[in-house]
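# Fold and contact review
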Amino acid sequence: MSTTPEMHDVQGLVARGYGNLLAARFILLGIDDPSAAQGWLGTVAAAVTRADERPQSRAVQVALTNSGLEKLGLDAATVHLFSNEFADGMTAPHRSRNLGDLGDNAPEHWDWGGPRTPEVDAMLLLYAEDEAGLDALEQEHTGLRVLGKLGTSNLDEHEPFGFRDGISQPLIEGLAKKGPPETTIRFGEFVLGYPNEYGRYTDKPLLDARPDLARNGSYLVFRQLRQDVRGFWSFLDQATKSPDGSSDPDRRLFLAAKMVGRWPSGAPLALSPDDDDPLLANANDFAYHRYDRTGARCPVGAHIRRANPRDSLDPKPGTAKSWEINRRHRILRRGREYGSGVTPDEALRQDAVGADDEHGLHFICLNGNIARQFEFVNNTWLNSPKFAGLYDDSDPVTAPSQPHGGTFTVQSDTVRERVTEVPRFVSVKGGAYFFLPGIAAMRNLAGVGA
C-alpha cells in the first residue's frame, strides 16, 4: 500500500476543522429503507468535502454507525471486521464503565444514542458561513429520517467555561503544517490504510478483507457533553473565598487556571505560572519534564496535562522514549461548542441572562484505533485517580467525581494544596462511535446490495 496520503479520497475533517465556517450543525439520521439510503449516500458522496479542498463557504461530511453499515447491506461478519469498539458501540456495558458513563450519565438517560432512544444510523456534519447556509445544506442533503439536530454556537475559540480551546492539536505527517519529530504523528494514527506509530496497519483484518471499505476511513467519536458553567464558577468561588467570606476573583481565576492547565487566553501555566499572558495564547511548543517536572507550575492532575502529558510519561520522562509513548495515544479533536457565552461574573449572578441556559461541547475526535486513543486517554489519563503517581485525583474539569466528591492536588515548591469535594461539572447527553469512510468507500457502500 502507498504511504502517501490520498487526500482526494479522505473526508476533509481529517485535514481541518473548518474554523473559517463559523456555523455548524450535526444531524442525526435513521435508515428505514436500505435501498433509498444507498441512493441517498451515493448522492451525498458527490457533495462531500475532500481533504485536498479548502472550502470557503460550505462543507459536508458523512459518518455511519455500525447499525448504519448493516442497514446499507453489510453482513454482520463484515461489520465485525471493524474494530471491536466500533462494532460493539459506545454503550456496551463494559465500555460505559470504562468511560465513566454511570449513574445519571448512563446511556439509559441520554437524549440520543442510548438504548431507550431511536437507533442512530448516520450523521451529517454540515458547516457554513451562517445559519442560512446551514439551512440550505440541510435541505439539499437530508434525505433520511431525522432523529435530531445538534446546533452549535461560535464562542470565538473558547469553550463554555471560558478558556481558549483547540490549541494542542497534533501535527500530522503528510499534512501542510510541520513540526519537530517528537510531536509529529504518523498519518496512520488517524486514517486507516497507512502505517501507524507502531509501523503497522490499524484494523489489518478489515484492510485485508475489505480494503475498499476501510482505506482512507477514520473512526469518529461523538459525545454531547453538557457543561455546568454556573456550577463550575460557583464551586471555585466558594473554594477561594477570603477569611471574611467575601469573593476573591483573582484567587478564583487562579484556581480555575490550575484545574485547566491554561489561562483563559490559552497561555499555558507551564510557561506563565503566575499571570495570564495573551502573548502566549497559542503557545504549544513546551515540555512538562523540562519546564515543570514536579507540577509546581501546572499541576500534575490539570486537565490539559492529563489529556496530553507530552514528555512526562514513563519510561524515562524527558526523553524520546517518553514522546514515543505519548504519540501513540493522541487524538485529533474537531468539536464545536453550543450555548451562549457566559462570563464568570455572569455565571455567579442569579439574574444574569443566559446563565441558566444549557451550555456544552459537541466533542468530536478522529482516531485510527478507538481503544488505544480515545478510550485510553479517557480512562487511563482523564478518569484515573492514580494518574502519574496521584492517589485519588481524577480530572478536575471533565471526569466523574468520586462518591463524595473528587480531590484536586495543587503541587507547589513549598506546601501543596488539596481541593476537596470537587463535583462533576460535565455530564453526557448522548454519543456514538461512527466510521468516517473514504469517498470511494462511500460510493462502494451506496452500491452494496444493489
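Here, the structure is the one placed above.
Residues numbered from 1 in each chain as written. Predicted model: local features only at pLDDT ≥ 70, side-chain atom pairs only at ≥ 80, totals over all residues. Heavy atoms only, no water.

## Things to note about the pairing of strand β1 (residues 23–30)
Defined as follows: Only protein chains enter the accessibility calculation, which uses a 1.4 Å probe; a residue whose area is less than 20% of its type maximum is buried, one above 50% is exposed, and one in between is partly exposed. Every helix listed is a DSSP run of H or I at least four residues long, and every strand listed is a run of E at least two residues long, numbered separately from the N terminus. At least two DSSP bridges between two strands are needed for those strands to be called paired.
Counting buried positions along β1 gives eight out of eight residues, so the element sits mostly inside the fold. Along β1, one buried face is formed by Ala23, Arg25, Ile27 and Leu29 and the opposite face, lined by Ala24, Phe26, Leu28 and Gly30, is buried too. Summarising the sheet, β1 and strand β3 (residues 122–128) pair through seven bridges and their orientation is antiparallel. Looking across to β3, one finds that Phe26 is bridged to Leu125. Bridging between β1 and strand β4 (residues 145–151) involves six bridges; their strand directions are antiparallel. Counted as the bridge partner of Leu28 is Gly148 from β4.

## Describing the environment of Phe425
Inclusion rule: Whether two residues are in contact is decided by their heavy atoms: any pair within 4.5 Å suffices.
You can see Phe425 is positioned in the loop between β12 (417–422) and β13 (426–436). Spatially, the C-alpha atom of Phe425 lies 30 Å from that of Ala128, the residues being 297 residues apart in sequence. Phe425 has contacts with Phe161, Arg226, Gln227, Asp228, Gly231, Phe232, Phe235, Met259, Pro396 and Val397, leaving out every residue within four places of it along the chain.

## Quick look at the side chain of Arg305
Inclusion rule: Any N or O atom pair separated by 3.5 Å or less is treated as a polar contact, with the protein-specific requirement of one donor-capable and one acceptor-capable atom, and with residues adjacent in sequence counted only for side-chain atom pairs.
Mapping Arg305 onto the fold places it in helix α12 (residues 303–307). Arg305 sits in the buried class, given a relative accessible area of 3%. At a separation of 2.8 Å, a polar atom in the side chain of Arg305 contacts the main-chain carbonyl oxygen of Cys298. If we ignore the near neighbours within four places in the chain, the residues touching Arg305 are Tyr288, Asp292, Arg293, Gly295, Cys298, Pro299, Val300, Ser312 and Phe387.

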